[in-house]
Amino acid sequence: MNSKWQTKQQLMELLTGLVNLASITGSKDEIALAQHLYYVLNDFPYFKENPDFLQLHPLADGRYFLTALVKSEKQTDETVLLLSHFDVVDVKDYGHLQHLAFHPHELTKELLNSADLLPPHVKDDIETGEWLFGRGTMDMKAGLTVQLGMLERAMNGEFEGNLLLLTVPDEEVNSAGMLGAVPVLTELKNQFNLSYRACVNSEPMFSRYPNDKNYYVYSGSIGKVLAGFYCSGVETHVGEPFSGLNANLMVSELNRLLELNERFSEKVDDEVTPPPMNLMQKDLKEEYSVQIPHEAVTLFNILTMKRSMLELHGMLMKTAEQAADNIERFYDKKAKHYSQSVSFTPASYKVTVMSYDDLLKYAVMKVGEAEVNRHIHYLKANRGDLDDRHFTNKIVSGLSGLCKELAPLIVVFYSPPFYPSVSSKEDDFIQGILSEVQSCAKDQFQISLKNQQYFAGLSDLSFLQIKESEESIRELTDNMPIYGDHYQLPLEEIKALNIPVLNVGPFGKDPHKWTERLHLPYSFETCPELLSFTLKRIFDQ
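Once a new chain begins, its residue numbering starts again from 1 and follows that chain's sequence as written. Predicted model: local features are reported for residues with pLDDT of at least 70 only, side-chain atom pairs are reported and counted for 80 or more only, and whole-chain, interface and lining totals are derived from all residues. Water and hydrogen atoms play no part in the side-chain values, which are based on all heavy atoms of the structure.

J.: Can you explain the pairing of strand E1 (residues 54–58)? Please cite residues and give values.
T.: Of the pairings in the sheet, the one linking E1 to strand E2 (residues 64–70) comprises 5 bridges and is antiparallel in character. Residue pairing for E2: histidine 57 is matched across the bridge by phenylalanine 65. Between E1 and E2, which pair antiparallel in sequence order, lie 5 residues; one of them, glycine 62, sits at a positive phi of approximately 100°. Following DSSP output, two strands are said to pair if at least two bridges run between them. Labels follow the DSSP assignment, with helices taken as runs of H or I lasting at least four residues and strands as runs of E lasting at least two, numbered in each case from the N terminus.

Structure (structure tokens):
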């Protein structure tokens with residue numbers, strides 16, 4: 001049979017076409033890319049003969065995810081799920097090169113012409129002629145490209161099992177695509193009599209540290225919690241600084257305690273999670289005035305491997321309590337010092353620390369459940385275009401406003417998205433497969449692949465297993481203000497699927513940077529053969 005997506009040149013052309021569609025999360029092109037994939041695949045005779053095997057599935061917000069099933073000539077229910085995402089992050093970081101961010105050949109040529117201005121390690125790469133630059137080349141349209149090549153091989157009868165391609169939008173923000181796909185996977189399983197043997201993602205390898213020269217495969221994916229701290233201070237005029245407490249002071253102390261805090265890093269074997277980093281810090285004052293900001297919020301990205309939500313929540317509450325103590329002592333010290341120059345009796349503030357769930361229960365006790373619900377429904381009705389993070393902040397602020405006597409106050413809460421950590425480290429089947437893949441890479445390509453338990457870049461593999469206890473998950477959901485309404489995890493469906501996971505993907509560098517690039521020889525020569533070998537070994541077992 002003729003092949004369209006097998007040679008390095010063919011794969012590079014396919015990738016270029018995918019990158020040309022600027023599928024930034026939430027954009028029109030994100031919708032267009034799903035439709036583009038549908039029409040490209042629908043051009044194959046296989047899908048013309050089996051139209052039910054190729055489907056666009058709508059999400060509530062108008063976006064789509066796509067599934068494409070290729071059944072083996074050998075009658076079997078054994079199926080491997082090929083997972084990818086087609087959305088990309090924004091391109092503002094490209095500066096004056098934004099117009100070329102989705103034109104990889106033109107961008108690569110332009111960067112080569114000014115190679116002397118590039119960072120040394122980027123200059124070294126571009127001068128080899130082996131790298132292709134552009135948004136999405138690495139993360140993760142190259143992985144999708146290679147998987148499409150596997151789908152074509154399946155149509156040509158190469159595998160003794162079924163392949164189900166699932167490619168989704170929104171992985172870079174809320175994973176709405178994958179969360180919408182989980183129930184559909186169960187439907188397809190029943191409709192087409194499938195047994196999911198494993199899920200193979202093809203996210204690119206992520207460097208573990210600067211100048212990391214290792215190649216990786218992965219037997220799981222790291223977890224993520226977006227932890228929030230709402231601070232309510234005491235308002236005052238800047239001319240009377242010791243008649244109030246600035247919420248920005250409170251939030252700054254929390255940032256000082258949490259940013260890069262090594263106590264939150266987890267070590268499992270030789271793998272270590274990066275420490276927490278701040279992703280949002282802002283006061284909630286919407287206009288300029290000489291009243292101090294008395295509300296502020298800070299959000300932290302916290303990565304997990306084996307640590308439960310119960311343990312993490314306890315650590316975050318203790319950090320908030322430590323911040324409260326430090327704020328009180330700092331304020332007292334400054335007030336006493338100032339009182340030596342100005343005759344007044346310093347106030348003394350006690351900072352209250354609560355979880356969101358505790359604040360909600362307090363508000364209900366104070367004003368009644370009906371009033372709390374009315375207040376929250378009013379906020380929802382007037383949400384406007386606030387995203388999930390900003391709307392979560394608004395709800396916590398609104399609830400705190402019903403309980404002003406609690407100020408000064410720190411509230412610990414959680415925002416979407418949440419990614420459970422997943423691992424096939426204890427799965428002998430997956431570990432055996434990856435061991436064989438490592439041997440294949442060594443014998444055929446003289447490449448040493450390291451098997452990492454957790455893919456560190458976050459991935460939608462997180463929603464194919466769940467190991468957290470119900471009590472632990474409840475600690476998260478009870479303290480996530482929009483859970484169950486604007487954001488929800490299909491927990492029962494995830495538990496029912498419980499698919500073993502692994503990741504075999506291409507090689508690139510600098511995801512989410514303007515120097516994002518893909519190594520073409522590995523990605524479109526070596527990676528397809530390793531992925532094909534992986535699939536064959538899964539089916540052989």
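This is not the end of the story, as more comes after the structure.
J.: Can you lay out unusual backbone geometry for me, pointing to particular residues and giving the numbers?
T.: Following alanine 407, the chain continues to proline 408 via a peptide bond in cis, the omega torsion being 0°. Topologically, proline 408 is positioned in the loop between helix H12 (388–401) and strand E15 (409–419). Cis rather than trans, the peptide bond between proline 416 and proline 417 has omega equal to 0°. Note that proline 417 resides in strand E15.

J.: Describe the pattern of salt bridges, with residues and values.
T.: The salt bridge criterion pairs a side-chain nitrogen of Lys or Arg with a carboxyl oxygen of Asp or Glu, the two atoms within 4 Å. Within this structure, the stated rule accounts for 33 salt bridges. Glutamate 516 is the partner of arginine 135 in a salt bridge, and the nearest nitrogen-oxygen pair spans 2.9 Å. With arginine 135 in the loop between strand E4 (131–133) and helix H6 (137–155) and glutamate 516 in the loop between strand E19 (508–509) and strand E20 (517–519), the pair connects residues that are 381 residues apart, well separated along the chain. Here's how the labels work: a residue is buried when its accessible area is under 20% of the maximum for its type, exposed when over 50%, partly exposed in between, all with a 1.4 Å probe on protein chains only. Since its relative accessible area comes to 1%, arginine 135 is described here as buried. The exposure class of glutamate 516 is buried, given its relative accessible area of 1%. Each of the salt bridges in this network shares a partner with another, and the network as a whole consists of Glu30, Asp61, Arg63 and Asp170.

J.: Summarise the sheet that holds strand E13 (residues 295–304); cite the residues concerned and give the values.
T.: The 5 strands are arranged E12-E13-E9-E15-E14 in an open sheet whose pairing can be described as mixed. Two strands lie at the open edges of the sheet, namely strand E12 (277–283) and strand E14 (352–355), each paired on one side alone. Direction aside, neighbouring strands of the sheet carry axes that sit 20° apart on average. Bridge count between E14 and E15: 4 bridges; the pairing is parallel. Every axis corresponds to a line fitted to the C-alpha atoms, with the helix fit spanning only the stretch in contact, and the corresponding angles, defined between N-to-C directions, vary from 0 to 180 degrees.

J.: Would you mind going over the layout of surface pockets in detail, with residue names and values included?
T.: Think of a ball as big as a water molecule: rolled over the atoms, this probe shows where empty space is left. Estimated volume of the second largest pocket: approximately 460 Å³. Surrounding the second largest pocket, 17 residues form its lining, Asp61, Arg63, Asp170, Ala176 and His486 being those nearest its centre. Among the elements that make up the lining of the second largest pocket, the one with the highest residue count is helix H7 (residues 176–191) (4 residues). Of the residues in the lining of the second largest pocket, the class split is 7 nonpolar, 6 polar and 4 charged. Put plainly, a pocket is an open set of points on a 1 Å grid over the protein atoms alone with protein on both sides within 12 Å along at least five of seven lines, a cavity is a set where a 1.4 Å probe fits but cannot get out, and a lining residue has an atom within 4 Å of a point. Grid points are joined across faces, edges and corners, and a volume is the space filled by probe spheres set on the points. Charged means Asp, Glu, Lys or Arg here, nonpolar means Ala, Val, Leu, Ile, Met, Phe, Trp, Tyr, Cys or Pro, and polar covers whatever is left, Gly included.

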